[in-house]
Amino acid sequence: MNIFTPLSTTTDGPPSRDGGRLPTSVVKILEGALRGIASRGVKRLSMSDISDASGVSRGTLYRYFSTKEEVMAAVAEFVCTNFETGVLEAAEQHEDPIQRFRAVMGFFSRFTVERSPERMLEVEPSFYLEFFNSHFGRHKAAVEAALGQTFDYFDAQWGHPINRQATAEALVRMQLSSLIVPTDASWAELWESAPDRMPYWISQFAGKIAPCKEK
């Protein structure tokens, strides 16, 4: 199941950065553009290709976007905003700080796979790298915010504040590295088990000696 709201059952698409809802036609265009980037690359991609891939008419496409460059900018914002919204929603479903952390890690792992098809990096590495560079700070801030209650828990347990920014950055960098260096089942298992190992790992990333040993 896609981690975003299915288009077939909604009138409006996922939220935009200002908190509004994107029209369904716009979501179809952006999803189609992502598929087009993965198959053709940005340079070869045309507005006609985007129209065909998204299943909307050229008239509808040009109603919202005047140029391919506008579509590409909107695609980057679409992916980033959905990550910000999704990771917070995943965390907010749980009160327990460790369960919140498991939910965040699970969402992050699924998002990386579903929003980052392998062929896109192969066909259009420049788009990928530019996206990472321009949106890394927002991804890090979203993870830090989603794990706020979990960090509060560790602060209380240790009686000392951890470096939240450093910890969130380490998590984002680790997951994004899986797009560059292929991973196997052992990495997925390690990633999913991270909440149970977190006291030890945070001590390494954030400069605090944890009162327990790694399992």
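Model, not experiment: these values are computed from the prediction. (Residues numbered from 1 in each chain as written. Predicted model: local features only at pLDDT ≥ 70, side-chain atom pairs only at ≥ 80, totals over all residues. Heavy atoms only, no water.)

A. Structural context of the overall build of the protein. A count of helices and strands for the protein gives 11 helices and two strands. Ordered by position from the N terminus, the helices and strands of the protein form the series β-β-α-α-α-α-α-α-α-α-α-α-α. The proportion of buried residues among the 215 residues of the protein is 49%. For the protein, long-range pairs separated by at least 24 residues make up 65% of all intrachain contacts whose partners lie at least 6 apart in sequence. Taken as a whole, the protein presents about 11100 Å² of accessible surface, with 52% of it coming from carbon and sulfur. (Helix = DSSP H or I, 4+ residues; strand = E, 2+ residues; numbered from the N terminus. Buried < 20%, exposed > 50% of the residue type's maximum accessible area, 1.4 Å probe, protein only. Contact = heavy atoms within 4.5 Å. Areas by Shrake-Rupley, 256 points an atom, 1.4 Å probe, with all protein chains shown as cover.)

B. Structural context of the confidence of the model for the protein. Predicted confidence across the protein gives a mean pLDDT of 80, with 78% of residues reaching 70 or more. Predicted confidence in the protein is weakest over strand E1 (residues 12-15), with a mean pLDDT of 46, and strongest over helix H3 (residues 58-64), with 96. Predicted confidence is poor over residues 209-215, with pLDDT under 50, and the contacts of this stretch with residues over four places away or in other chains come to 13 contacts. (pLDDT = per-residue confidence, 0-100.)

C. Representation of the nonpolar core in the model. Ranked by size, the top nonpolar core spans 55 residues in total, and within it Ile-50, Phe-65, Val-71 and Met-72 carry the most contacts. Listed by contribution, the elements that provide at least two residues to this core are helix H1 (24-40), helix H2 (47-54), helix H4 (68-92), helix H5 (97-114), helix H7 (125-146), helix H8 (148-158) and helix H9 (164-180). For this core, the element with the highest residue contribution is H4, accounting for 12 residues. Sequence-distant contacts of Met-72, defined by excluding residues within four places in its chain, comprise Ala-33, Ile-37, Val-42, Leu-45, Ile-50 and Phe-127. (Core = buried A, V, L, I, M, F, W, Y, C linked by side-chain atoms within 4.5 Å.)

D. Local environment of the packing of aromatic side chains. According to the stated counting rule, one finds seven aromatic pairs in the structure shown. Their ring planes at 40° and their centres at 5.6 Å tell us that Phe-107 and Phe-111 sit as a pair that is tilted. Taken together, the residues Phe-107 and Phe-111, both in helix H5 and four residues apart, mark about one turn of the helix. Neither Phe-107 nor Phe-111 differs from the other in exposure class; each is buried. Ring pairs connect the aromatic residues Phe-83, Phe-107, Phe-108, Phe-111 and Trp-191, which therefore count as one cluster. (Phe/Tyr/Trp six-rings, centres within 6.5 Å; stacked < 30°, edge-to-face > 60°.)

E. Region of the structure containing the pattern of salt bridges. Applying the stated criterion across every chain yields a total of seven salt bridges. With a closest N to O distance of 3.0 Å, Arg-40 and Asp-49 form a salt bridge. The class for Arg-40 is partly exposed, based on a relative accessible area of 31%. Each of Glu-77, Glu-84 and Arg-138 takes part in a single network of salt bridges with overlapping partners. (Salt bridge = Lys/Arg side-chain N within 4 Å of Asp/Glu carboxyl O.)

F. Spotlight on the packing of H1 against H2. Between H1 and H2, whose axes approach to 8 Å, the crossing angle comes to 115°. The orientation of H1 with respect to H2, classified from their angle, is roughly perpendicular. H2 is crossed by H1, and the crossing has right-handed handedness. Each of Lys-28, Ile-29, Gly-32, Ala-33, Arg-35 and Arg-40 in H1 lies in contact with H2, whose residues at this interface are Asp-49, Ile-50, Ala-53 and Ser-54. (Axes fitted to C-alpha atoms, helices over the stretch in contact; angles between N-to-C directions. Parallel < 35°, antiparallel > 145°, perpendicular 65-115°, else oblique. Left-handed = near helix turned anticlockwise from the far one by under 90°.)

G. Representation of the environment of Val-42 within the structure. Considering the arrangement of structural elements, one finds Val-42 in the loop between H1 and H2. Owing to a relative accessible area of 16%, Val-42 belongs among the buried residues under this scheme. Each C-alpha atom of the pair Val-42 and Phe-127 lies 7.5 Å from the other, and the pair is 85 residues apart in sequence.

H. Spotlight on H1. The end-to-end C-alpha distance of H1, which contains 17 residues, comes to 24 Å, matching closely the 24 Å that a straight helix rising 1.5 Å per residue would cover. Burial analysis of H1 places 12 of its 17 residues in the buried class, the great majority of the element. Among all positions in H1, only Thr-24, Val-26, Val-27, Ile-29, Leu-30, Glu-31, Gly-32, Ala-33, Leu-34, Gly-36, Ile-37 and Ala-38 are buried. (Expected span 1.5 Å × (residues − 1).)

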